[in-house]
Amino acid sequence: MQIREANTNDAAMIAELAITTFDETFGHLFEDRQILLDYFSRTFSEDKMKNSIQKENNVFWLAFVDENPVGYAKLKVHSPSEFVTRENVSQLQKIYVLKEFLSMKIGLKLQKTVLQKAADLGSKQIWLSVYVDNLRAINFYLKNGFEKVGEHQFQIGKYVFDFIAMNKSL
């Protein structure tokens, strides 16, 4: 298993991983599949990923097994939240791993990479949002020192989802 920082040449790979892992994790929640497909087009296009990678406060990583991309992570540096009152706060925006590779602890290795980078860049705390029914992810973050600090909602088309905000001191 290898993790490396991503660059704009990786935009298509990240977009494909984003669509696949999001669908594996949340696809079952969408009775109207077209709403999900429209969300993918708006949110995970190659151009959108390329633009996101180019932003100064975003850092992406890719995880590989046998040279095949199996996961990715995204850190947003200097990303204040209504749930975190300290200064120098970053957001762990995404950690996704293909379902068949979850048992390899790739998510944990990606998380450690993200947390180290955030600390190296001067962040004192890091926060994230996780879907309220994603118990596997919630337990993963609790086990790794995050604590619940709030709740919010996220809407995709006609679907409204409840999320938990969590944070951790670095």
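This text follows the structure it describes.
Now for a description of the structure that goes with this document. (Residues numbered from 1 in each chain as written. Predicted model: local features only at pLDDT ≥ 70, side-chain atom pairs only at ≥ 80, totals over all residues. Heavy atoms only, no water.)

On to the overall build of the protein, then. On a plain count of helices and strands, the protein comes out with five helices and seven strands. For the protein, the N- to C-terminal ordering of α and β elements is β-α-α-α-β-β-β-α-β-α-β-β. For the protein, whose C-alpha radius of gyration is 15 Å, the value lies close to the compact-globule estimate of 15 Å for 170 residues. On the principal axes, the C-alpha backbone points of the protein span a range of 40 × 35 × 30 Å. A buried classification covers 45% of the 170 residues belonging to the protein. Put simply, 64% of the contacts in the protein that link residues at least 6 apart link residues at least 24 apart. Of the roughly 9,300 Å² of accessible surface on the protein, 45% is carried by carbon and sulfur atoms. In the protein, which carries 21 positive and 21 negative side-chain charges, the distance between the mean positions of the two groups comes to 5 Å. (Helix = DSSP H or I, 4+ residues; strand = E, 2+ residues; numbered from the N terminus. Rg over C-alpha atoms; globule rule 2.2 N^0.38 Å. Buried < 20%, exposed > 50% of the residue type's maximum accessible area, 1.4 Å probe, protein only. Contact = heavy atoms within 4.5 Å. Areas by Shrake-Rupley, 256 points an atom, 1.4 Å probe, with all protein chains shown as cover. Lys, Arg positive; Asp, Glu negative; His and termini not counted. Charge placed at Lys NZ, Arg CZ, Asp CG, Glu CD.)

Another aspect to go through is the side chain of Q125. Its location among the elements puts Q125 in strand β5 (residues 125–131). Given a relative accessible area of 9%, Q125 falls into the buried group. Once you skip the residues sitting within four places of it in the chain, Q125 turns out to touch V84, R86, N88, V89, S90, N167, K168, S169 and L170.

Let us now look at the environment of L102. Within the secondary structure, L102 is located in the loop between β4 (89–97) and α4 (106–120). Owing to a relative accessible area of 32%, L102 belongs among the partly exposed residues under this scheme. The sequence separation of L102 and G145 amounts to 43 residues, and the corresponding C-alpha distance is 20 Å. Those residues in contact with L102 that lie beyond four places of it in its chain are V97 and R136.

Turning our attention to the packing of aromatic side chains. Applying the stated rule across the entire model yields 17 aromatic pairs. Both rings, one in F40 and one in F44, keep their centres 6.0 Å apart while their planes meet at 40°; by these two values the pair is tilted. With respect to class, F40 is no different from F44; both count as buried. In textbook terms, an aromatic cluster arises when at least three aromatic residues are bridged by ring pairs, as seen for F22, F26, F30, Y39, F40, F44, Y131, F154, Y159, F161 and F163. (Phe/Tyr/Trp six-rings, centres within 6.5 Å; stacked < 30°, edge-to-face > 60°.)

What follows is about the nonpolar core. The biggest cluster of nonpolar side chains holds 53 residues, and the ones touching the most others in it are F22, F30 and Y72. What F22 contacts, discounting residues up to four positions off in sequence, is G27, F30, L36, Y39, F40, F44, Y96 and I156. Judged by nonpolar contacts, the second largest core, of five residues, contains F83, V84, W127 and A165. (Core = buried A, V, L, I, M, F, W, Y, C linked by side-chain atoms within 4.5 Å.)

Scope: geometric values only; no functional claims are made or implied.
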